[in-house]
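Summary of structural features
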Amino acid sequence: MKLHEYKAKEIFAEQGIPVPSGILVKGPEQLKELQHPVALKSQVLVGGRGKAGGIKFADNIDDAKSVLEELFKLKIKGLAVKQVLVEEKLDLEGAQELYLGFVEDRAAKTITAMMSAAGGIDIEQVASEMPEKIIKKQLQPGLKTLNPYEAREMAIQIGLKGATMTKVADIMCKLFNAMIVHDAVLAEINPLVITKDGMIIATDAKMNIDDNALFRQKNLLKDVDISEEYTPIEQKARKYGLAYVELEGDIAVIGCGAGLVMASLDTIKLYGGEPANFLDVGGGATAENMKQALEVVAMKDNLKSIFINIFGGITRCDEIANGIVEFEPKIPIALRMMGTNEDEGKKILKEHGYNVFDSMEDCAEYAVKLASGEEGR
Amino acid sequence: MAIIIDESTRVVVQGITGGQGKFHTRVMREYGTNVVAGVTPGKGGGEVDGIPVYDSIREVMELADASIIFVPAPFARDAALEAISGGMDPVVIITEHIPVHDSIEIMDRAVSHGTRIIGPNTPGILSADKCKMGVMPSHIFKKGSIGLISRSGTLTYEIVDALSRNALGQTTTVGLGGDPIVGLGFIELLDLFEADNETEAVVLIGEIGGNAEELAAEHIKQNISKPVIGYIAGRTAPPGKTMGHAGAIISGSAGTAKAKIEALQSANIKIAEKPGDIPELVKSSI
């Protein structure tokens, strides 16, 4: 789960990382007065919001209110702006921008720490073109606090000296605390600004929380709005506990097990079709789960056919068949079913006039033909 | 032969008194697995289907060699660390949705004890006609000479079934687990299959996310003489969306199916376009 900048900054501030003072507003009327010039930052969970016009500045309350009017009408990469962080504007002239981050490292099975003197909006370009400018260090697995000397070594390596070096190292340790305390898989400050007069402050903040750890991070879920990260159909699927991803095509795909569903999408594509979604009903799906899965995929407009691919291990084919029969889909279906209680499942479906395939490839091909109108049901 | 587990493996089930633990203990025994004990803290002294239940791994150290874990995610870290410190090997973690920070800790402890971890979020491991530590449907497996390593569950069943139907039996089938951080990987298992006399060829089933397949390709070039046949799921997956498995996500340009397929092909590995093509590719390689 990605956190908004304001939420990540709250967490950083709790850990003692300096962040600009600010307030979150959900409408222009919520801003009452200004003590100083401000930056107005749209809170959306996509990169490149600055370039998309989602970050503005204002010197007085009237300007700020009219900027807010504008921002709340804005859509950034399809996402409506629903919250704006109004922050004290800093004098960034001549300031230095650093990058500090921690990320889960699969291959090394640990957390990797990263630091760079070339922070700012172009960090991804730096990472691909001048990777040597980002210092990386794989940490001892299971570390609960970052050793200050390790943070200092990194700060020295990126060219920092004296009090600035020790302060940045201290912020690095605090950022690591935020990562550990909140079960993050990514925690980033980009940029960490060092102003001309030596003030050090995190002007942006990014955190991704491990979805599997949300059971022990419940306080983070309090004010989270999932409407932003997911489409309406994806939200419905989440309610039912189904793994669904919306895609561009017109052939809906339902299967059990993530790997098999991915393989089903690929096979549809091989035969010239375009999958409309990824949907994994999960292991041990009941008739009710299957009905819900059909309801979810059918929400998408312009569907031409539905490809259902079941290899029953703990999933029982008769349960799946009952779900299909009860839902009575209006869209033509290509069905493939194998495994546990296969005969019972096939019997139910045949009684209702459905044709069932044994091979997933043959069935995928049939689904593509149904979609192109080459085959009727 | 088979790798990691066989008929001599004595298995303890952690979480044997839960619904999943109870059900799969029965199914594993039906397959021939020698389940000698169960552990559920607080339920010691009882039994499940005639199998004695203990409070801790310490009490079964002399009875059992290997552990399979069915306990819920919030308690899985503790169960795994207990199994490792009690000398169980391998430790198969079926549990899904274990937090990444917990997995990091489990894997680190396993490395320092020399314990082989399979999973988490795995269907398990099965040595055909010898021993099953997992939840896969037993009837699709057939004894033979193909080794199988996979990051997926049901897709593994699909491919095992296709192999068995084409008279291509298996030595050992291993599900690595669908999480970003897992124990044994392609490389360790490729080495074990390379050393196993009975295994003639290895089928490697990967999916999008991470770079495990790319690293395996490099390793195969240098160290593996047996034929390897590959399949990668997720060619059509869009970047930034998790495809069911926590590990199956393309971030930036890394982890795409295209990059993985190219890496494997550069190591002379034949890549199946569809799961149904795998048996033919295997037959033409052995």
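Keep in mind it's a predicted model, so treat the numbers as computed, not measured.

Some words on the overall build of chain A
The secondary structure content of chain A amounts to twelve helices and 19 strands. Along the three orthogonal principal directions, the C-alpha set of chain A runs to about 80 × 50 × 40 Å. Taking as baseline every contact in chain A between residues at least 6 positions apart, the subset at least 24 positions apart corresponds to 68%. As presented, chain A carries roughly 16,600 Å² of accessible surface, and 48% of it is formed by carbon and sulfur atoms.

Observations concerning the environment of Ile-254 of chain A
All names here are of chain A. Looking at the secondary structure, you find Ile-254 in strand E15 (residues 251-255). For Ile-254, a relative accessible area of 0% translates into the label buried. With near-sequence residues (within four places) excluded, Ile-254 lies in contact with Leu-279, Val-281, Met-290, Ala-293, Leu-294, Val-297, Ile-306, Phe-307, Ile-308 and Asn-309.

A closer look at the packing of helix H4 (residues 154-165) of chain B against helix H8 (residues 278-285) of chain B
All names here are of chain B. Look at H4 against H8: their axes get within 9 Å of each other, and the N-to-C directions meet at 55°. As the angle between them shows, H4 and H8 are arranged oblique. Crossing handedness for the pair H4 and H8: right-handed. Along its contact with H4, which presents Ile-159, Ala-162 and Leu-163, the element H8 presents Ile-278, Pro-279 and Val-282. Of the residues contributing to the contact of H4 with H8, the split by class is six nonpolar, no polar and no charged.

Some points on the interface of chain B and chain A
On the chain A side, the residues contacting the 52 residues of chain B number 47 residues. Of the roughly 3,800 Å² buried at the junction of chain B and chain A (both faces included), carbon and sulfur atoms supply 62%. When residues of chain B are sorted by the area they lose upon contact with chain A, His-101, Thr-236 and Met-243 of chain B head the list and together hold 17% of the total. At the boundary of chain B and chain A, one finds three salt bridges. Mapped by element, the contributors of at least two residues to the side of chain B that touches chain A are helix H3 (100-113), H4 and strand E13 (228-233) of chain B. At seven residues, H3 of chain B tops the list of elements feeding residues into the side of chain B that touches chain A. Residue composition of the side of chain B that touches chain A, grouped by class: 24 nonpolar, 16 polar and twelve charged.

Some details on the sheet that holds strand E14 (residues 270-271) of chain B
Residue and element names in this part refer to chain B. In space, the seven strands of this open sheet follow the order E9-E8-E11-E10-E12-E13-E14, with mixed pairing throughout. Edge positions in the sheet fall to strand E9 (131-134) and E14, since each of these pairs with one other strand and no more. Both strand E10 (residues 143-150) and strand E11 (residues 170-175) contribute to a ladder of five bridges, which runs parallel. Bridge assignment links Ser-150 to a residue of E11, and that residue is Gly-175. In the packing of H4 onto the sheet, contacts are made with E10, E11, strand E12 (201-207) and E13, and the angle to E10 comes to roughly 160°.

Some thoughts on the layout of surface pockets
In this model, the second largest pocket occupies a volume close to 380 Å³. Together, 22 residues line the second largest pocket, and Arg-106 and Ala-107 of chain A together with Val-182, Gly-185 and Ala-212 of chain B are the ones closest to its centre. Going through the elements one at a time, helix H5 (186-195) and helix H6 (212-223) of chain B are the ones with two or more residues in the lining of the second largest pocket. A per-class count over the lining of the second largest pocket returns eleven nonpolar, six polar and five charged.

Some words on the pairing of E12 of chain B
Residue and element names in this part refer to chain B. Counting buried positions over the seven residues of E12 gives seven, a clear majority of the element. Side chains of E12 alternate between two faces, with Ala-201, Val-203, Ile-205 and Glu-207 and Val-202, Leu-204 and Gly-206 buried alike. In this sheet, E12 lies alongside E10 in parallel orientation, the contact comprising five bridges. Of the residues in E12, the one forming a bridge with Gly-147 is Val-202.

Here's the deal with the packing of helix H4 (residues 148-157) of chain A against helix H5 (residues 162-181) of chain A
Residues and elements named next belong to chain A. The N-to-C vectors of H4 and H5 enclose an angle of 125°; their axes lie 8 Å apart at closest approach. One element, H4, and the other, H5, form an angle in the oblique class. In this structure, the crossing between H4 and H5 has a hand that is right-handed. Contacts from Pro-148, Ala-151, Arg-152, Met-154, Ala-155 and Ile-156 in H4 reach Met-165, Thr-166, Ala-169, Met-172 and Cys-173 in H5.

A look at the pairing of strand E9 (residues 110-116) of chain A
All names here are of chain A. Most of E9 is tucked away: seven of the seven residues are buried. Across seven bridges, the pairing between strand E8 (residues 96-105) and E9 is antiparallel. Opposite Gly-101, over in E9, you have Met-114 as the bridge partner. Two successive antiparallel strands, E8 and E9, enclose a turn made up of four residues, where Lys-109 displays a positive phi of approximately 55°. Of the pairings in the sheet, the one linking E9 to strand E10 (residues 134-138) comprises five bridges and is antiparallel in character. What sits directly across from Thr-112, in E10, is Gln-138.

Brief notes about the environment of Ala-371 of chain A
All names here are of chain A. Its location among the elements puts Ala-371 in helix H12 (residues 360-372). Along the sequence, Ala-371 and Leu-303 sit 68 residues apart, while their C-alpha atoms lie 8.1 Å from each other. Dropping the residues within four chain positions of it, Ala-371 is found in contact with Asp-250, Ile-251, Lys-304 and Ser-305.

Regarding the nonpolar core
Leu-190 and Met-243 of chain B are the most contacted members of the largest nonpolar core, which totals 98 residues. With eight residues, the top contributor of residues to this core is H12 of chain A. The residues touching Leu-190 of chain B, leaving out its near neighbours within four places in the chain, are Ile-149, Val-202, Leu-204, Ala-216, Ile-220, Ile-224 and Val-228 of chain B. Membership of the second largest hydrophobic core comes to 72 residues, among which are Leu-143, Met-172 and Met-179 of chain A together with Ile-98 of chain B.

Overview of the domain arrangement of chain B
Residue and element names in this part refer to chain B. According to the domain assignment, chain B consists of domain 1 (10-118) and domain 2 (136-285). Listed by partner, the interface residues are ten residues for domain 1 and ten residues for domain 2. With both chains or domains summed, domain 1 and domain 2 bury close to 840 Å², and 68% of this area falls on carbon and sulfur atoms. Sorting the residues of domain 1 by area buried against domain 2 places Tyr-31, Met-107 and Ile-118 first, and these three jointly supply 45% of that buried surface.

Things to note about the sheet that holds strand E2 (residues 34-39) of chain B
Consider a sheet: its strands pair through backbone hydrogen bonds, and that pairing is either parallel or antiparallel. Residue and element names in this part refer to chain B. Read from one edge of the open sheet, seven strands run E3-E4-E2-E1-E5-E6-E7, paired in mixed fashion. Only two strands of the sheet have a single partner each, and these edge strands are strand E3 (47-48) and strand E7 (117-118). Pairing geometry for E2 and strand E4 (residues 51-54), over two bridges, is parallel. By the bridge assignment for E4, Val-39 is matched with Tyr-54. In the packing of helix H1 (residues 19-31) onto the sheet, contacts are made with strand E1 (10-14), E2, E3, E4 and strand E5 (66-69), and the angle to E1 comes to roughly 165°.

Quick notes on the rules
Residues numbered from 1 in each chain as written. Chains lettered and ligands numbered in written order. Predicted model: local features only at pLDDT ≥ 70, side-chain atom pairs only at ≥ 80, totals over all residues. Heavy atoms only, no water. Helix = DSSP H or I, 4+ residues; strand = E, 2+ residues; numbered from the N terminus. Contact = heavy atoms within 4.5 Å. Areas by Shrake-Rupley, 256 points an atom, 1.4 Å probe, with all protein chains shown as cover. Buried < 20%, exposed > 50% of the residue type's maximum accessible area, 1.4 Å probe, protein only. Axes fitted to C-alpha atoms, helices over the stretch in contact; angles between N-to-C directions. Parallel < 35°, antiparallel > 145°, perpendicular 65-115°, else oblique. Left-handed = near helix turned anticlockwise from the far one by under 90°. Nonpolar A, V, L, I, M, F, W, Y, C, P; charged D, E, K, R; others polar. Buried area = accessible area lost by both parts, 1.4 Å probe. Salt bridge = Lys/Arg side-chain N within 4 Å of Asp/Glu carboxyl O. Pairing = 2+ DSSP bridges. 1 Å grid on protein atoms, 1.4 Å probe; cavity = no way out; pocket = protein on both sides within 12 Å on 5 of 7 lines; lining within 4 Å. Points joined across faces, edges and corners; volume = space filled by probe spheres on them. Core = buried A, V, L, I, M, F, W, Y, C linked by side-chain atoms within 4.5 Å. Domains from an automatic or database assignment.

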